[in-house]
Amino acid sequence: MAVTLDQTIAQKQHSFLSRLFSTQTFWVVIAVILACIFLSFATDAFATSKNLYNITRNITFVAIIALGMTFVIITGGIDLSVGSVLCLSSMVLAVTMHAGYSIEIGILASIATALAIGAFNGILIAYLGFPPFVVTLGMLSIARSLAMVASNNTVVFQFGPDHDKLLALGGGAWVFGIANPVLYMILLALITGFILRWTKFGRHIFAIGGNEHAATLTGVPVKQIKVAVYMISALSAGIAGIIQTGWLGAVTTNLGTGMELQVIAATVIGGANLAGGVGTAFGAIVGAALIEVIRNSLGLLGINAFWQGVFIGGAILLAVLFDRIRNFRRSD
Amino acid sequence: MAVLELTNISKHFGAIQAVNDVSLSIEPGQVVGLMGDNGAGKSTLVKMIAGNFHASHGIMRMDGKELILNKPAEARQHGIEIVHQDLALCNNLTAAANVYLGRELRRGVGPFRILDYAAMYKRAGQLFAELKSETRPRDLVKQMSGGQRQAVAIARTMLSQAKIVLMDEPTAAISVRQVAEVLNLIRHLRDQGIAVVLISHRMPDVFDVADRVIVMRRGRKVADKTIASSSPEEVTGLITGAIEQVS
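Conventions and cut-offs
Residues numbered from 1 in each chain as written. Chains lettered and ligands numbered in written order. Predicted model: local features only at pLDDT ≥ 70, side-chain atom pairs only at ≥ 80, totals over all residues. Core = buried A, V, L, I, M, F, W, Y, C linked by C-beta atoms within 7 Å. Buried ≥ 20, exposed ≤ 12 C-beta atoms within 10 Å, placed from the backbone. Contact = placed C-beta atoms within 7 Å. Helix = DSSP H or I, 4+ residues; strand = E, 2+ residues; numbered from the N terminus. Pairing = 2+ DSSP bridges. Axes fitted to C-alpha atoms, helices over the stretch in contact; angles between N-to-C directions. Parallel < 35°, antiparallel > 145°, perpendicular 65-115°, else oblique. Nonpolar A, V, L, I, M, F, W, Y, C, P; charged D, E, K, R; others polar. pLDDT = per-residue confidence, 0-100.

Things to note about the nonpolar core
Part 1: Ranked by internal contacts, the top residues of the largest apolar core, which has 169 residues, are Val 62, Ala 63 and Ile 65 of chain A together with Ile 164 and Leu 198 of chain B.
Part 2: Sequence-distant contacts of Val 62 of chain A, defined by excluding residues within four places in its chain, comprise Met 259, Gln 262, Val 263, Ala 266, Ala 288 and Ile 291 of chain A.

This is the structure we're talking about:
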């Protein structure tokens, strides 16, 4: 039977399953599940509600920033300043509230600071053509220094009249005993996923990462979108900073040191491609989860904590290795 | 009436005179081959029509009305579409997403509008069927052949009611079979009454598909005649300068 042109055009080449199996995120999910099953049998402490509560909560701070970072990485950029922005936002919140202002004003100041830094990064990158690596590396240094200036390099642990509200915001468990940070993470992941899949803005982010020149030629507002993604990334760091402040109950100027690397690791493990054009919200969460499960399991299995870096680094390489193998097969 | 008319158009960059006093007019449904050696001013001329550059002197008219373009988006609003030499495709997106890039269809109310995947797949599929190209709207462009990629880039120009399509070296880097496909796509556009400007180095393609040929050399228009009244030998002579000028 002859196949008509219309039939060919209407044909879906890939079924849902074949697409699922071809994603890196799927295999990382399998890895996380297998690790959890193994750990539940291998140790008594893993599958306890207390440990699971800890794991899910520990995932959140890296995961929330990884969601913001996903936007940047899809456009083919990178944001190294998130750890310092987290620290600065926390410090602005802490100092504002310590000075006697309400939690609302504290959060507003903190978010505004994060957005201003994101806008600064974005404008330098999009309009002045600075390389993202250099701009955000500079900001990594600047933001942490500003946090030290703001607090005179002291620890802030008294948050004025709304002290308890802030601690409840970050440390409470308002719904079904799930830690609040986890709820925020789920909410933000849903929003991120929605933006990436269903909005014009999301589509344009992928287009910029795929072929920036083509995006410009077809009338995509490339510069504005680039500024927006760095603002989103900084905003996610700011939000994580606020939540972490509430959870820890104290802010020091070394908060979030080295966090940018964990965040980038999480997005890459979750399937985002540093060359741009690929990435998902779910992947960012799963990547953060794998890192945390590895870290948690090493502790429970009684392996020296010094080995942590080896296992996490190995996971990064392994995740990308899968991607390479798939590409080799495709190019054959 | 001419769909596009250029009168005494010049463009200089500092001391360099890229385009010098060029006048031409293009009728609807006409395929015009624009030929010339590298640096002859073809791309500069096309970029002025596409809204990338302002002309230093001269007037452009579309359907008799003066046309002033400040950016490429405005050219598109006036029905001027471009198929870029590198096609301007995003490999990581589907064919349909590329067709609609920069003017995605959305559904919903007010600020709550989401991408209308179904409508975009459907319309892109119709365009590929019209172009007689075996291109699936859901496939990623990265997996496509040169001819299919051309079809995606050309389908883009058919989304809105284009009046004139500028094609920059569409047959430069593809196989012989695919060249035939692309020339068919051009005829298809012509049959719909769309004017096509084909910028090309390839003599056989121009003589195969064009109605008229315009030759440029060192910024000047040196020939503008019907294909029937010219020959590849004459055009070659005009491009190289062996023949000074014909009228």
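Some points on the environment of Glu 233 of chain B
Residue and element names in this part refer to chain B.
Part 1: Along the chain, Glu 233 falls in helix α8 (residues 232–240).
Part 2: Under the C-beta neighbour-count criterion, Glu 233 is labelled exposed, with 11 such atoms within 10 Å.
Part 3: With 108 residues separating them along the chain, Glu 233 and Gly 125 place their C-alpha atoms 42 Å apart.

Quick word on unusual backbone geometry
Part 1: At Asn 153 of chain A, a residue that is not glycine, the phi angle is positive and equals roughly 55°.
Part 2: Secondary-structure assignment places Asn 153 of chain A in the loop between α7 (132–151) and α8 (163–171).
Part 3: Looking at Asn 153 of chain A, the number of C-beta atoms within 10 Å reads 11, which means it is exposed.
Part 4: In this structure, Asp 63 of chain B is a non-glycine residue whose phi angle is positive, near 50°.

Re the sheet that holds strand β5 (residues 65–66) of chain B
Each strand in a sheet pairs with another by means of backbone hydrogen bonds, the pair being arranged parallel or else antiparallel.
All names here are of chain B.
Part 1: In spatial order, the strands read β2-β1-β4-β5; together these 4 strands make up an open sheet with antiparallel pairing. In this open sheet, the two edge strands, each paired with only one partner strand, are β2 (16–26) and β5.
Part 2: Sheet topology note: the strand β4 (residues 57–62)/β5 ladder contains 2 bridges and is antiparallel. Bridge pairing in β5 places Arg 61 opposite Glu 66.
Part 3: Relative to β2, helix α1 (residues 42–49) is tilted by about 60°, and along the sheet it contacts β1 (4–13) and β2.

A word on the packing of α8 of chain A against helix α12 (residues 222–248) of chain A
Residue and element names in this part refer to chain A.
Part 1: In the contact formed by α8 and α12, the axes pass within 6 Å of each other and the chain directions differ by 105°. With respect to α12, the element α8 is oriented roughly perpendicular. Residues Leu 166, Leu 167, Leu 169, Gly 170 and Gly 171 of α8 form the contact with α12, whose participating residues are Ile 243, Gln 244, Thr 245, Gly 246 and Trp 247.
Part 2: Among the residues making up the contact of α8 with α12, the classes are represented as 5 nonpolar, 5 polar and no charged.

Structural notes on the interface of chain B and chain A
Part 1: Contact residues are listed per partner, giving 26 residues for chain B and 25 residues for chain A.
Part 2: Of all the secondary structure elements, the ones that give two or more residues to the side of chain B that touches chain A are α2 (72–77), β8 (112–115) and α4 (117–130) of chain B.
Part 3: Looking at the side of chain B that touches chain A residue by residue, the classes come out as 12 nonpolar, 6 polar and 8 charged.

Let's talk about the confidence of the model for chain B
Residue and element names in this part refer to chain B.
Part 1: When pLDDT is averaged across chain B, the result is 88; 99% of the residues are at 70 or more.
Part 2: By mean pLDDT, α2 is the weakest element of chain B at 84, and helix α3 (residues 95–99) is the strongest at 94.
Part 3: Predicted as a complex, the structure gets a pTM of 0.88 and an ipTM equal to 0.84.

Notes on the sheet that holds strand β6 (residues 80–83) of chain B
Residue and element names in this part refer to chain B.
Part 1: Strand order in this open sheet of 6 strands is β6-β9-β10-β3-β11-β12, and the pairing throughout is mixed. Both edges of this open sheet fall to β6 and β12 (220–226), since each of them pairs with a single strand only. The average angle at which neighbouring strand axes cross in this sheet is 20°, direction not considered.
Part 2: In the packing of α8 onto the sheet, the strands contacted are β3 (31–36), β11 (212–217) and β12, and the crossing angle to β11 comes to about 25°.

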